[in-house]
Each structure stands twice: as C-alpha cells, then as structure tokens.
Amino acid sequence: MNELSEICQCSESTISRIGTGQQQAIKAPVSDILLAVGCISPYAAYEEWSDYDSEQRSRYADARRRIDAGPATQAEVLDAILDGIHSRIYGE
C-alpha cells in the first residue's frame, strides 16, 4: 500500500479508505492513476498482453521510473503510465 500511496501522492490511510469503501469521493488525478495501475482503464485486454499481472507490474514500474527521476506531479506520473502502455501496444 505504501508504493500505491506514493504513486498516487496521497496518504496510505486515503488508499485504505478508498479500498474499503469508506471514502467514496476520490479526486480525479488519484482515481485516474488507480484505474491505470489497476489495469481497469485502459484495460489490459489487448492481445499483446498475455499476462495481466505482468502488465500491472509494468505499469507500476512506469510510475516508479518517473517518480525516481525526480519530483513529479500526479499528471506526470499518469502520463508516464500511459506512455508505457502506448509503447507496449505499439512498440514505440
């Protein structure tokens, strides 16, 4: 949960409340990142992705690389995840 809270740039307690349904209102940047790393949107149902777990790990790695490169906004983290998805689909 610590890594997910770092990727989303929110507290672990926020992630916990979201996961248990205690917090239903989620700010757009956080929900966008959660949807992306959870392989919900964009979904991981492309033919090239034979392994859902592998794609999810790749999305975490995309986010981690961006965070490790230096200070990043939520939008920059999300862009890194989406760029990685695009690269895996189209090989660019």
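Bear in mind the structure is a predicted one, so any value in this text is a computation, not a measurement. (Residues numbered from 1 in each chain as written. Predicted model: local features only at pLDDT ≥ 70, side-chain atom pairs only at ≥ 80, totals over all residues. Heavy atoms only, no water.)

Q: Got a minute to help me understand the side chain of S5 in this structure?
A: Here S5 shows up in helix α1 (residues 2-8). Beyond its immediate sequence surroundings of up to four residues, S5 is in contact with C10, S11, E12 and I15. (Helix = DSSP H or I, 4+ residues; strand = E, 2+ residues; numbered from the N terminus. Contact = heavy atoms within 4.5 Å.)

Q: I would appreciate a short explanation of the nonpolar core in the present structure.
A: The nonpolar side chains of a soluble globular protein tend to be buried, and buried together. In terms of nonpolar packing, the biggest core is built from 18 residues, with L4, I7, C8, I33, L34, V77 and I81 touching the most fellow members. Contributing elements (two or more residues each) for this core: α1, α2 (12-20), α3 (28-37), α4 (52-68) and α5 (74-90). The residues contacting L34, other than those within four sequence positions of it, are L4, C8, I15 and I18. (Core = buried A, V, L, I, M, F, W, Y, C linked by side-chain atoms within 4.5 Å. Buried < 20%, exposed > 50% of the residue type's maximum accessible area, 1.4 Å probe, protein only.)

Q: Before we go on, may I ask you to explain the pattern of salt bridges in this structure?
A: Proximity of charged atoms lets side chains of opposite charge pair with each other. Per the counting criterion, the structure on display carries eight salt bridges. The partner of R64 in a salt bridge is E3, and the shortest N-O contact between them spans 3.8 Å. You can see R64 sitting in helix α4 and its partner E3 sitting in helix α1, a full 61 residues away along the chain. (Salt bridge = Lys/Arg side-chain N within 4 Å of Asp/Glu carboxyl O.)

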